[in-house]
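Inside the fold
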Amino acid sequence: MKIIMLGAPGAGKGTQAKMLADKYAIPHISTGDIFRANIKNGTELGKKAKEYMDQGLLVPDELTCDLVVDRVKQEDCKNGYILDGFPRTIPQAECLDAALTEMGEKIDFAVNVEVPDENIVNRMSGRRACVACGATYHIVHIPTKVEGICDRCGKELILRDDDKPETVTKRLNVYHEQTQPLIEYYTKKGVLVEVDGTKDMNDVFNAIVEILGK
Ligand code: ADP
Ligand code: ADP
Ligand code: ZN
C-alpha cells in the first residue's frame with residue numbers, strides 16, 4: 001500500500017505515519033527527518049536545506065524530488081510505503097507521478113489530516129522531538145513518561161528551531177500557498193481521503209485504518 005500523508009505542519013502526519021508504518025509493516029519516509037539527519041551529519045544537502053528550513057520556507061524541489069524518487073525505488077519499498085511531508089508542491093507531486101508511472105505503480109491513498117490553523121501554533125509550541133530516533137511528543141497531549149526524555153530511546157528531547165511561533169506562522173502561510181493545492185490534485189486522481197485531526201491520536205488512527213483497511 002502506497003500512502004501519502006497530507007496536512008498542515010503540526011497536523012499529526014508524522015505521529016500517524018509512524019503508527020501506520022508499524023501496523024502495515026512498510027517504511028515511513030519523512031523528508032523532514034531526512035533533511036534533519038543530513039543537517040546533523042553536516043552534509044552538503046543538509047547545509048543547503050537548513051538555509052530554507054530555518055526561515056520556514058520549503059527546500060527547493062530540485063533538492064527534494066530525486067531524493068524521494070531514489071528512496072521509493074529501494075528494495076524495502078516493494079510492498080508499499082508512507083510518504084510523510086512529501087509531496088509539498090504541485091511540481092513535487094508531478095515528479096512523483098512521473099516516476100511511479102514509469103515503474104507501473106500508483107499511489108493508493110492520500111490521507112488529509114485536517115486541523116484548523118487555530119490549533120496549529122499550540123501543537124507546534126508543545127511539540128518535543130527526539131533527534132536520535134525521530135519520535136515526537138507533545139508536552140500536554142502526548143507527554144513522555146519522564147519529562148524531556150524520549151520514551152523510545154532514552155535520549156533528550158528538543159523544541160525544534162522551526163517550531164518557534166514566528167516561524168510557525170510563516171510555515172502555515174507557505175502551507176496554504178504551496179501545499180494545500182495538493183488536496184484538489186489528489187481529489188481529481190480519486191485517491192484523497194480525509195480525517196478529523198483534532199481528535200485524540202488513537203481516534204485519528206482508527207479512522208484512518210477504517211478507510212485503508214485492516
Ligand atoms: P512538519 O512535520 O512540521 O510539517 P517536516 O519535518 O515535515 O515538518 O518539515 C520540516 C521542514 O523541512 C519544512 O518546513 C521544509 O523546510 C522542509 N521540508 C520537508 N519536506 C519538504 C518537501 N517535501 N519539500 C520542501 N521542503 C521540505
Ligand atoms: P506533523 O508531522 O504533521 O508536523 P506531528 O505528528 O509532529 O505533526 O504532530 C505535531 C504535534 O502535535 C506533536 O507535538 C504531536 O505529539 C502532537 N499531536 C499529534 N497528533 C495529535 C493529536 N491527535 N492530538 C493532540 N496532539 C497531537
Ligand atoms: Zn528517541
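Right above here is the structure, for reference.
The written sequence of each chain sets the order in which its residues are numbered from 1. Chain letters and ligand numbers both follow the written order, the letters beginning at A and the numbers at 1. This being a predicted model, a pLDDT of at least 70 is required before a residue's local features are given, and a value of 80 or more before pairs of side-chain atoms are given or counted; all residues contribute to the totals for chains, interfaces and linings. Heavy atoms from the whole structure form the basis of all side-chain values; hydrogens and water molecules are not counted.

**Points about the environment of Pro116**
Stated precisely, the cut-off is as follows: Elements are defined by DSSP. Helices are runs of H or I of four residues or more, strands are runs of E of two residues or more, and each kind is numbered from the N terminus.
Here Pro116 lies in the loop between β4 (109–114) and α6 (117–125). Sequence separation between Pro116 and Glu51 is 65 residues; the distance between their C-alpha atoms is 28 Å.

**Notes on the site of ligand 2**
In plain terms, the rule: Only a single heavy atom is needed: when it lies within 4 Å of a molecule or strand, its residue is near that molecule or strand. Think of a polar contact as two N or O atoms within 3.5 Å of one another; within protein, one of them needs to be a possible hydrogen donor and the other a possible acceptor, and neighboring residues in sequence only count if both atoms come from side chains. The Shrake-Rupley method, run with a 1.4 Å probe sphere, supplies the accessible areas, and residue values consider only the shown protein chains as cover. Amino acid classes used here: Ala, Val, Leu, Ile, Met, Phe, Trp, Tyr, Cys and Pro are nonpolar; Asp, Glu, Lys and Arg are charged; the rest, including Gly, are polar.
Near ligand 2 you find 19 residues, and of these Gly10, Lys13, Thr15, Arg127 and Tyr137 are the closest. Take Gly14: an N or O atom from its main chain is 2.8 Å from an oxygen atom of ligand 2. At 2.6 Å from an oxygen atom of ligand 2 is found a side-chain nitrogen or oxygen belonging to Arg127. In isolation ligand 2 exposes 560 Å². Once the protein is present, 93% of that is buried. Elements that contribute at least two residues to the shell around ligand 2 include exactly α1 (13–24) and β6 (136–138). Broken down by class, the residue content of the shell around ligand 2 amounts to six nonpolar, eight polar and five charged.

**Observations regarding the site of ligand 1**
The environment of ligand 1 is made up of 20 residues, and the closest members are Thr31, Leu57, Arg88, Arg127 and Arg171. In the environment of ligand 1, an oxygen atom lies 2.7 Å from a nitrogen or oxygen atom belonging to the side chain of Arg88. Protein chains shield 96% of the accessible area of ligand 1, which is 560 Å² for the free molecule. Element by element, the count of residues in the shell around ligand 1 is highest for helix α2 (residues 31–40), at four residues.

**Digging into the side chain of Lys18**
The condition is simple: Burial classes follow relative accessibility: with a 1.4 Å probe on protein chains only, a residue under 20% of its type's maximum area counts as buried, one over 50% as exposed, and anything between as partly exposed. Neither His nor the chain termini are counted; the positive set is Lys and Arg, and the negative set is Asp and Glu. Any Lys or Arg side-chain nitrogen located within 4 Å of an Asp or Glu carboxyl oxygen qualifies as a salt bridge. Residues count as neighbours in contact if any of their non-hydrogen atoms are within 4.5 Å of one another.
Tracing the sequence through the fold places Lys18 in helix α1. Buried and without a salt bridge, Lys18 has Asp33 as its closest oppositely charged side chain, separated by 5.3 Å. Apart from the residues within four sequence positions on either side, Lys18 is in contact with His28, Gly134, Ala135, Thr136 and Arg152.

**Considerations on the packing of helix α7 (residues 165–179) against helix α8 (residues 181–188)**
Working note: a packed helix pair is described by the angle between its axes plus the distance between those axes. What counts is decided by this rule: Whenever a helix is involved, its axis is fitted only over the stretch in contact; in every case the axis is a line through C-alpha atoms, and angles between N-to-C directions fall within 0 to 180 degrees.
Running from amino to carboxyl end, α7 crosses α8 at an angle of 35 degrees, the nearest separation of the two axes being 5 Å. Counted together, Tyr175, His176, Glu177, Gln178 and Thr179 of α7 and Pro181, Leu182 and Ile183 of α8 form the full contact between these two elements. Here the contact of α7 with α8 is composed, by residue class, of four nonpolar, three polar and one charged.

**Some details on the packing of aromatic side chains**
So the rule is basically this: Each Phe, Tyr or Trp ring (for Trp, its six-membered ring) is paired with any other whose centre lies within 6.5 Å, and the angle between the two planes then decides the class: stacked below 30 degrees, edge-to-face above 60, tilted in between. Distance and angle both matter: a charge sits over a ring if NZ of Lys or CZ of Arg is within 6 Å of the ring centre and within 35 degrees of the ring normal.
Inspection of the entire model under this criterion finds one aromatic pair. For the ring pair Tyr185 and Tyr186, a centre distance of 4.9 Å and an interplane angle of 75 degrees mean the geometry is edge-to-face. A cation over an aromatic ring shows up here: Lys23 above the ring of Tyr24, its NZ or CZ 5.8 Å from the ring centre.

**Some details on helix α3 (residues 44–53)**
Put simply, the rule reads: It is the directions from the helix axis to the C-beta atoms whose arc is reported.
Leu45, Gly46, Ala49 and Met53 are the residues of α3 that are buried. Across the axial projection of α3, the buried residues extend over an arc of 90 degrees, all falling on one side. More than 90 degrees from the buried face of α3, the exposed residues found are Glu44 and Glu51. The secondary structure elements touched by the buried residues of α3 are α2 and α4 (61–72).

Any link to function would need more than the numbers given here.
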